[in-house]
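The chain contents come next:
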Amino acid sequence: MRNLQTGMLLAATLSTGLMAGLFAAVSYAVMPGLARSSDRTLIETMQGINIAILNPFFILPFVGSIPLLGVAVYLAWRGEGRSVLPWLIAALALYLAALAVTAAVHVPLNIQLDDAGDPAKITQLDQVRADFEDKWVTWNTVRAVLHTAAFVCLLWALIGYGTHRSQDTGNTESAQQSAAPASLTV
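Quick caveat, the model's predicted, so the values are computed rather than measured.

## Focus on the overall build of the protein
Here comes step 1: Along the protein, the regular secondary structure elements total five helices and zero strands.
Here comes step 2: When the elements of the protein are put in sequence order from the N terminus, they spell out α-α-α-α-α.
Here comes step 3: Here the protein holds 186 residues, and 34% of them are scored as buried.
Here comes step 4: In the protein, of all internal contacts separated by at least 6 residues, the share reaching a separation of at least 24 is 84%.

## Concerning the layout of surface pockets
Here comes step 1: Of the pockets and cavities examined, the largest pocket occupies roughly 430 Å³.
Here comes step 2: Lining the largest pocket we find 21 residues, and of these I49, N50, I53, L54 and N110 sit closest to its centre.
Here comes step 3: Elements with a minimum of two residues in the lining of the largest pocket: α1 (2–35), α2 (39–52), α3 (56–78), α4 (85–115) and α5 (125–179).
Here comes step 4: It is α4 that contributes the most residues to the lining of the largest pocket, six residues altogether.
Here comes step 5: Within the lining of the largest pocket, the residues separate by chemical class into 14 nonpolar, five polar and two charged.

## Considering the side chain of N140
Here comes step 1: Structurally, N140 is set in helix α5.
Here comes step 2: A polar side-chain atom of N140 sits 3.2 Å from the main-chain carbonyl oxygen of F23.
Here comes step 3: Setting aside its immediate chain neighbours within four residues, N140 contacts F23, V26, S27 and H106.

## Observations concerning the packing of α3 against α4
Here comes step 1: One way to put it is that α3 packs onto α4 with a least axis distance of 9 Å and a crossing angle of 155°. Classed by the angle they form, the pair α3 and α4 counts as roughly antiparallel. Considering only the axes of α3 and α4, their crossing is left-handed. In this structure, α3 uses P61, F62, S65, I66, L69, G70, A72, V73, A76 and W77 to contact α4, whose residues at the interface are L85, L88, I89, A91, L92, Y95, L96, L99 and T102.

## With respect to the environment of L18
Here comes step 1: Topologically, L18 is positioned in helix α1.
Here comes step 2: Its relative accessible area of 47% is what places L18 among the partly exposed residues.
Here comes step 3: As for L18 and F151, which are separated by 133 residues in sequence, their C-alpha atoms are 9.1 Å apart.

## Comments concerning the pattern of salt bridges
Pairs may arise between side chains of opposite charge once their charged atoms sit close together.
Here comes step 1: One pass over the full model with this rule turns up three salt bridges.
Here comes step 2: Of the charged contacts, one joins R129 and D39 as a salt bridge, the two residues approaching to 3.1 Å between their closest N and O atoms. Note that R129 is positioned in helix α5 and D39 in helix α2, a separation of 90 residues in sequence.
Here comes step 3: The buried category is assigned to R129, whose relative accessible area is 8%.
Here comes step 4: Ionic pairing is found between R40 and E44, a salt bridge with its closest N-O pair at 3.6 Å. Of the two residues, R40 and E44 both sit in helix α2, four residues apart, roughly one turn of that helix.
Here comes step 5: A relative accessible area of 39% means that R40 is categorised as partly exposed.
Here comes step 6: A single network of salt bridges, built from pairs that share partners, joins D39, R129 and E133.

Rules behind the numbers
Residues numbered from 1 in each chain as written. Predicted model: local features only at pLDDT ≥ 70, side-chain atom pairs only at ≥ 80, totals over all residues. Heavy atoms only, no water. Helix = DSSP H or I, 4+ residues; strand = E, 2+ residues; numbered from the N terminus. Buried < 20%, exposed > 50% of the residue type's maximum accessible area, 1.4 Å probe, protein only. Contact = heavy atoms within 4.5 Å. 1 Å grid on protein atoms, 1.4 Å probe; cavity = no way out; pocket = protein on both sides within 12 Å on 5 of 7 lines; lining within 4 Å. Points joined across faces, edges and corners; volume = space filled by probe spheres on them. Nonpolar A, V, L, I, M, F, W, Y, C, P; charged D, E, K, R; others polar. Polar contact = N/O pair within 3.5 Å; in protein donor to acceptor, adjacent residues only side chain to side chain. Axes fitted to C-alpha atoms, helices over the stretch in contact; angles between N-to-C directions. Parallel < 35°, antiparallel > 145°, perpendicular 65-115°, else oblique. Left-handed = near helix turned anticlockwise from the far one by under 90°. Salt bridge = Lys/Arg side-chain N within 4 Å of Asp/Glu carboxyl O.

Have a look at this one:
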């Protein structure tokens, strides 16, 4: 059970960290770069990203983090990781909040942008951009902060869990040594 618990915690931390990094990079590099571009370039690029991002390298950690976090919470509750349970629950709650932001804000905005059609045929590029960009950027920053906070909670849980495991290992070794017959001690 210990190895499964450790594996789930590591996998949840990795997948959550990947999402935190992705959304943070979009916030501090991609969108500021696109903010300097023309209306057509921003719309064309974001429409392309909306298509390209729907791939297993994104979907697996994005959606997969939820069951990994859920299992990590369950195993901590049932196993030896109770001391880190609050951190795991916080990480799961933060991750679900970020997912809610994606579902409530980003998905509808992305659909709206895609529905605007081919940028070469849009007559009011500036209006399409205005209806999309500021709200998308603001809420992506919120999403990046939520994912990053979830990642930090998981890092803290890993530290606590590792400390707890090393104390248990030390206690087990001490108990085994003290239980050894006197003739076998050096």
